[in-house]
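Coordinates in review
Given next are the chains, with one letter for each unit.
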Amino acid sequence: MIFDRKIELSFRGIELNPINEDHRIQFSLDKLDRVKFNSGSVTIYNLAERSRSLLARVRPLNRPMQEPIITVTLTAGYRDKVVNMFSGDIVSATNRREGPDWITVIELFTNFAKFHRSATNQSFAVVTPARTVTDRIIASMKIDVTYTEEAAAILKKNKVASFSASGLSYRLAHEFLSRYGLGFTIEEDGKALVYVLNKARDPKAGKVTANTFSPKTGLIGTPQITEHGVNITTLLRPEIRLLQKFYVESETIAGTLDGGGGEYMAKSITHFGDTRGDDWFTEIEGIYWNIVPEDYVIVPGAL
């Protein structure tokens, strides 16, 4: 075990015991805001034949998912801190042999099966609070939802007259919320989050060890300053969340930016891991949490 790394894969939909760091496991997990699904790729070495067969069944190309749906939850971190990093449905799985090794590769998308089966037909003939419409659309997906404080306030003060729509629920939610400058995304635990586009979910968060990146806390290399923020690489930070406010302590940033430099929100996150290799790190794209350039606003419907 390298540097006390911990990982476990658990399964729902098949009878398969959890798989941990006793196996070589590689993973790449992408977390994006907006309506796009979080995605993940997991590679497992030398599973038993029965386990390989259960995971990598033939999946007909003319069917988006095959019953029963197999959901994989990945928890990882270090011996003293293990976090639920990802949960998703298997959309493809393959087995291959390379030399002495059997290699199983599974591709995952968060709540993929549920969303592709969740459609709704909503109609409101009278003036209705925007929050009520949002709740009704999301309820058809049968998932829990959280609203940031600012998003809840925006929906509370807006009303809709003579509104009707039908189609896939997750797309309707995105289209409806975008009119108010709000976004809709699915988090690693499979729950929905409604938030203000390009705004931190926790704008009042102060600087603490848990949300600060520096060479002393695992920051790798030099932060890349971008037009809208910063890109950083750090030792694996399984607890970082999308839209979370974070801080970067770096001589590069301190010497380049004035004022608000060093304070960002996580726009996208990618986790990489290998229980037998060097990979065990997180890449974060951060944008200035309190600056929203007009040319950076997401265009509604640009999926």
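The paragraphs below set out a description of the structure included in this document. (Residues numbered from 1 in each chain as written. Predicted model: local features only at pLDDT ≥ 70, side-chain atom pairs only at ≥ 80, totals over all residues. Heavy atoms only, no water.)

Regarding the overall build of the protein chain
Definition in use: Strands here are runs of E lasting at least two residues and helices are runs of H or I lasting at least four, both read from the DSSP assignment and numbered beginning at the N terminus. Burial classes follow relative accessibility: with a 1.4 Å probe on protein chains only, a residue under 20% of its type's maximum area counts as buried, one over 50% as exposed, and anything between as partly exposed. Every residue pair with non-hydrogen atoms within 4.5 Å of one another is taken to be in contact. In short, Shrake-Rupley with a 1.4 Å probe defines the accessible areas, and a residue's cover is counted only from the protein chains shown.
Tallying secondary structure elements over the protein chain gives 6 helices and 20 strands in all. Per-residue burial for the protein chain yields a buried fraction of 49% across its 303 residues. For the protein chain, long-range pairs separated by at least 24 residues make up 65% of all intrachain contacts whose partners lie at least 6 apart in sequence. Working note: accessible area of the protein chain is about 14700 Å², and carbon and sulfur atoms make up 50% of it.

A word on the pattern of salt bridges
Stated precisely, the cut-off is as follows: Should a side-chain nitrogen of Lys or Arg be within 4 Å of a carboxyl oxygen of Asp or Glu, the pair is scored as a salt bridge.
Per the counting criterion, the structure on display carries 8 salt bridges. The partner of Arg 79 in a salt bridge is Asp 4, and the shortest N-O contact between them spans 3.4 Å. Of this pair, Arg 79 sits in the loop between strand S5 (71-78) and strand S6 (81-98) while Asp 4 sits in the segment before strand S1 (5-12), placing them 75 residues apart in sequence. Given the relative accessible area of 39%, Asp 4 is considered partly exposed.

Considerations on the packing of aromatic side chains
Our working definition: Two aromatic rings, drawn from Phe, Tyr or Trp (for Trp, its six-membered ring), form a pair once their centres lie within 6.5 Å of each other, and the interplanar angle then sorts them: stacked below 30 degrees, edge-to-face above 60, tilted otherwise. Counting as a charge over the ring demands two things of the Lys NZ or Arg CZ atom: a distance within 6 Å of the ring centre and an angle within 35 degrees of the ring normal.
Applying the stated criterion across every chain yields a total of 9 aromatic pairs. Between Phe 109 and Phe 112, the ring centres sit 5.7 Å apart and the planes meet at 40°, which makes this aromatic pair tilted. Phe 112 sits in the buried class, given a relative accessible area of 15%. Seen from their ring centres, Phe 176 and Tyr 180 are 5.5 Å apart, and the 75° between their planes marks the pair as edge-to-face. Since its relative accessible area comes to 16%, Tyr 180 is described here as buried. Ring-pair connections join several aromatic residues into one group, and the members of that group are Phe 124, Phe 163, Phe 176 and Tyr 180. A cation over an aromatic ring shows up here: Arg 24 above the ring of Tyr 45, its NZ or CZ 5.0 Å from the ring centre.

Keep in mind these values describe shape, not function.
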